[in-house]
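Residues per chain are reported as follows:
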Amino acid sequence: MIDHLLGGPLGLASGGTHGSGFTWIVDTNAMREACLILGADEVATSMSSPSLNAPSESTSAPKKPVLTSACPGWICYAEKTHPHVLPHLSRLKSPQALTGTLLKTVLSQQLDIRPDQIWHLAVMPCFDKKLEASREELTDIYWRPSSSREPTPPVRDVDCVITARELLMLADTRGISFPSLPQVPISTPSFPDPLLDTFLFPQRESQPSPHKRRRRNQEPAAGPSGGYLHHVLQTQLANSPGGKLHTIRGRNADVVEYIITRPLSHPNPSPHLSHAEQRLRDSSNNIEDEIREDGEEQVTIFRAARYYGFRNIQNLVRKLKPPRTRRLPGAATTTKQASKNNNRSSIATKTPNATAAGNINDYSYIEVMACPGGCTNGGGQIKVDDVGLGARQLKGTDRGNEGMSQKQWLEMVDEAYYSMSSSDTEIDDDDEGDLNMRDDGDEGEGDRKGNEMVNGIDVRNVRNVLRHWSESTGIEMGQLCFTTFREVRSDVGKGAEGEKDRVVELAGRIGGGW
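In this text, all values refer to a predicted model and were calculated from it rather than measured experimentally. (Residues numbered from 1 in each chain as written. Predicted model: local features only at pLDDT ≥ 70, side-chain atom pairs only at ≥ 80, totals over all residues. Heavy atoms only, no water.)

**Describing the overall build of the protein chain**
No. 1: Scanning the protein chain from terminus to terminus reveals 18 helices and 10 strands.
No. 2: Out of the 514 residues in the protein chain, the part that is buried amounts to 49%.
No. 3: Looking at the protein chain as shown, the accessible area adds up to about 25300 Å², and 50% of this sits on carbon and sulfur atoms. (Helix = DSSP H or I, 4+ residues; strand = E, 2+ residues; numbered from the N terminus. Buried < 20%, exposed > 50% of the residue type's maximum accessible area, 1.4 Å probe, protein only. Areas by Shrake-Rupley, 256 points an atom, 1.4 Å probe, with all protein chains shown as cover.)

**With respect to the nonpolar core**
No. 1: Leu67, Trp74, Phe302, Tyr365, Ile366 and Trp469 are the most contacted members of the largest nonpolar core, which totals 73 residues.
No. 2: Among the elements that make up this core, the one with the highest residue count is helix α2 (residues 29-47) (9 residues).
No. 3: Discounting chain neighbours no more than four positions away, the residues touching tyrosine 365 are Val43, Pro65, Val66, Thr68, Tyr228, Leu229, Val232, Phe302, Arg303, Ala304 and Ala305.
No. 4: With 18 residues, the next largest nonpolar core counts Ile162, Ala164, Leu168 and Met412 among its residues. (Core = buried A, V, L, I, M, F, W, Y, C linked by side-chain atoms within 4.5 Å. Contact = heavy atoms within 4.5 Å.)

**Things to note about the confidence of the model for the protein chain**
No. 1: Residues with a pLDDT of 70 or more make up 67% of the protein chain, whose mean pLDDT is 77.
No. 2: Confidence, read as mean pLDDT per element, is least for helix α15 (residues 445-449) in the protein chain (39) and greatest for strand β8 (residues 365-369) (97).
No. 3: Low pLDDT (under 50) marks residues 50-59, which in the prediction has 16 contacts with non-local residues, meaning those over four places away or in another chain.
No. 4: Every residue in residues 333-357 is under pLDDT 50, and counting partners more than four places away or in other chains gives 33 contacts. (pLDDT = per-residue confidence, 0-100.)

**With respect to the packing of aromatic side chains**
No. 1: Scanning all chains against the criterion turns up 4 aromatic pairs.
No. 2: Aromatic side chains tyrosine 77 and phenylalanine 310 sit 5.1 Å apart centroid to centroid with 80 degrees between the ring planes, which places their arrangement in the edge-to-face category. With a gap of 233 residues between them, tyrosine 77 in helix α3 (residues 72-81) and phenylalanine 310 in helix α10 (residues 310-320) connect regions that are remote in the sequence.
No. 3: What makes tyrosine 77 buried here is its relative accessible area of 2%.
No. 4: Between phenylalanine 191 and phenylalanine 201 the ring centres are 6.4 Å apart and the planes differ by 45 degrees, which places this aromatic pair in the tilted class. With a gap of 10 residues between them, phenylalanine 191 in the loop between α6 (164-173) and α7 (194-200) and phenylalanine 201 in the loop between α7 and α8 (228-238) connect regions that are remote in the sequence. Each member of the pair, phenylalanine 191 as well as phenylalanine 201, carries the same accessibility label: buried. (Phe/Tyr/Trp six-rings, centres within 6.5 Å; stacked < 30°, edge-to-face > 60°.)

**Topic: the packing of α2 against helix α4 (residues 95-110)**
No. 1: α4 packs onto α2 with a crossing angle of 110 degrees between their chain directions and a minimal axis gap of 8 Å. The pairing of α2 with α4 is recorded here as roughly perpendicular in orientation. For the crossing formed where α2 meets α4, the hand is right-handed. In this structure, α2 contributes Met31, Arg32, Ala34 and Cys35 to the contact, and α4 contributes Pro95, Leu98, Thr99 and Leu102. (Axes fitted to C-alpha atoms, helices over the stretch in contact; angles between N-to-C directions. Parallel < 35°, antiparallel > 145°, perpendicular 65-115°, else oblique. Left-handed = near helix turned anticlockwise from the far one by under 90°.)

**Here we look at the pattern of salt bridges**
Close approach of charged atoms allows side chains of opposite charge to pair.
No. 1: In this structure the tally under the stated criterion is 12 salt bridges.
No. 2: A salt bridge links aspartate 41 to arginine 463, with the nearest nitrogen and oxygen atoms 2.7 Å apart. Linking aspartate 41 in helix α2 with arginine 463 in helix α16 (residues 459-473), this pair joins segments that are 422 residues apart in sequence.
No. 3: Residue classification places aspartate 41 among the buried positions, given a relative accessible area of 15%.
No. 4: Residue glutamate 166 is joined to lysine 130 by a salt bridge in which the shortest nitrogen-to-oxygen separation is 3.0 Å. Within this pair, whereas glutamate 166 is found in helix α6, its partner lysine 130 is found in helix α5 (residues 129-133), the two being separated by 36 residues in sequence.
No. 5: Judged by its relative accessible area of 24%, glutamate 166 falls in the partly exposed class.
No. 6: Given a relative accessible area of 29%, lysine 130 falls into the partly exposed group.
No. 7: One network of salt bridges, with partners in common, ties together Glu79, Arg135, Glu137 and Arg486. (Salt bridge = Lys/Arg side-chain N within 4 Å of Asp/Glu carboxyl O.)

**Focus on the pairing of strand β7 (residues 296-308)**
In summary, the side chains of a regular strand alternate between the two faces of the sheet.
No. 1: Most of β7 is tucked away: 11 of the 13 residues are buried.
No. 2: As paired elements, strand β5 (residues 255-263) and β7 share 9 bridges and run antiparallel to each other. Opposite isoleucine 260, over in β7, you have phenylalanine 302 as the bridge partner. (Pairing = 2+ DSSP bridges.)

**Some words on the packing of α4 against α16**
No. 1: For the pair α4 and α16, interaxial distance at closest approach is 10 Å and the crossing angle is 40 degrees. Here α4 lies oblique to α16, going by the angle between them. Crossing geometry of α4 relative to α16 is assigned as left-handed. For the pair formed by α4 and α16, the contact residues are Leu98, Thr101, Leu102, Thr105, Val106 and Gln109 on the first element and Trp469, Ser472 and Thr473 on the second.
No. 2: Here the residues of the contact of α4 with α16 are counted per class, giving 4 nonpolar, 5 polar and no charged. (Nonpolar A, V, L, I, M, F, W, Y, C, P; charged D, E, K, R; others polar.)

**Some remarks on the environment of glycine 21**
No. 1: Here glycine 21 lies in the loop between α1 (2-7) and α2.
No. 2: You can call glycine 21 partly exposed: its relative accessible area is 39%.
No. 3: Placed 17 residues apart in sequence, glycine 21 and histidine 4 show a C-alpha to C-alpha distance of 9.5 Å.
No. 4: Discounting residues that sit within four places of it in the chain, glycine 21 has contacts with Leu6 and Ala13.

**A word on the environment of alanine 78**
No. 1: Positionally, alanine 78 belongs in helix α3.
No. 2: Distance from alanine 78 to leucine 89, taken between C-alpha atoms, is 9.3 Å for residues 11 residues apart in sequence.
No. 3: Once residues within four sequence positions are removed from consideration, alanine 78 is found in contact with Pro83, Val85 and Leu86.

**Structural notes on α3**
No. 1: Of all 10 residues in α3, 9 are buried, a share of seventy percent or more.
No. 2: Pro72, Gly73, Trp74, Ile75, Cys76, Tyr77, Ala78, Glu79 and Thr81 are the residues of α3 that are buried.

**Observations regarding unusual backbone geometry**
Glycine aside, residues mostly have negative phi angles, and peptide bonds mostly take the trans form.
No. 1: The linkage connecting lysine 64 with the following residue, proline 65, adopts the cis geometry, with an omega of 0 degrees.
No. 2: Structurally, the position occupied by proline 65 is in the loop between α2 and β1 (66-67).
No. 3: The phi dihedral of aspartate 112 falls on the positive side, at around 55 degrees, and the residue is not glycine.
No. 4: Among the structural elements, aspartate 112 can be located in the loop between α4 and β2 (121-124).
No. 5: On the basis of relative accessible area, aspartate 112 is assigned to the exposed category, the value being 70%.
No. 6: Look at asparagine 455: it is not a glycine, yet its phi comes out positive at around 60 degrees.
No. 7: Along the chain, the position of asparagine 455 falls in the loop between β9 (453-454) and β10 (457-458).

See the structure below:
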């Protein structure tokens, strides 16, 4: 229905001053798949560094543990109040930013127009995505060819961001009812680049049958925030025959630890692996923790965690804060005592039944999101108390919001997020097993040689698309897919006590926004 609202004749094109609609409506899931694969590569590179805790250069892998950087609320908080975590942040662009870069770079060259003649709108669940789009690092000056770097104002990769709530408001002001819009795919012009057209619009009638499908539904185990951590875990399981995933809940539902173990005696062959995947497997062998399960000795090969919500994030950044160097007598004793405390924490987590509390440096990857419950609970999402919009736009749907609590409403949102049931272009149930990875994390030698399916994603195909994008535009992959972060200093409230606490309180009060 969103396709028809933004690009169909019954949507925005039916009114307004100019009667304009959008030419292409791109599913962000396409570039999300690219982000997941590149994110797993980044973790592998970080783990294989000579010194896992050494700061990295801006163009190399981040410091271990790698922290997700797709949540702009979390990034804003880190840049303003906790610059010591910046070396840990993933350098990878978010799916919103990566999609914007793809559209601006390809269309400006293929159509021979300036980037400022392309207007890109993103629909997101979060108000903070507006701040992300305004970052200087996400403009054309960071990927513009050196020969054309004239003194012109920078052009954003994403020109405008509206939330799901604002999308309903837009429809309401135009007098358009969502339930009345068609629920069939919309016909749009072919994308100028044939390979990218196949990748971005796999549901087209003209696409070859292997590509004519919507990407696999998000599994509940992947979480409500894009599945970054889930894909890293699945990649590690696919590369570790005999590996087993243990889930440990922390002090609340938004803190979860994940540990992958395998039998100490299990062989660990590595056929048909990419260089990044081989690094991930090799580096996992450096972890020495051993446990026993069902009488069989196990080795811990990977640790990761999830931290959602600012209350939990505060605990995370506190653990990542480096110890103060003291030049007074007794400083060495303090350092040794901290080391002893970390060792006790590590011992406490050597069993899968332990609580999620260990040495933070033992983690290889941590998924961090500002909003409690993840992105489906974002500040820009439609809330159950949006009575005006709900009465007009949700009337006539299968499930209304009358008498429903916010918790029930969020459960319904999560259900819709995982099901993605609005398409008749999804793959058939009979074919889904051929596309998905086996439950035990082992794809089989045939799949590895062929499509390299991991977590339901054709890794080889996505890598080919990224390589083609870089070669066709003449822009290096690092400029297209990665970004940087910096400490932000503000004079507001400078010197006032408790400024950081007030910033955190404000962020939490408005649902993680800034």
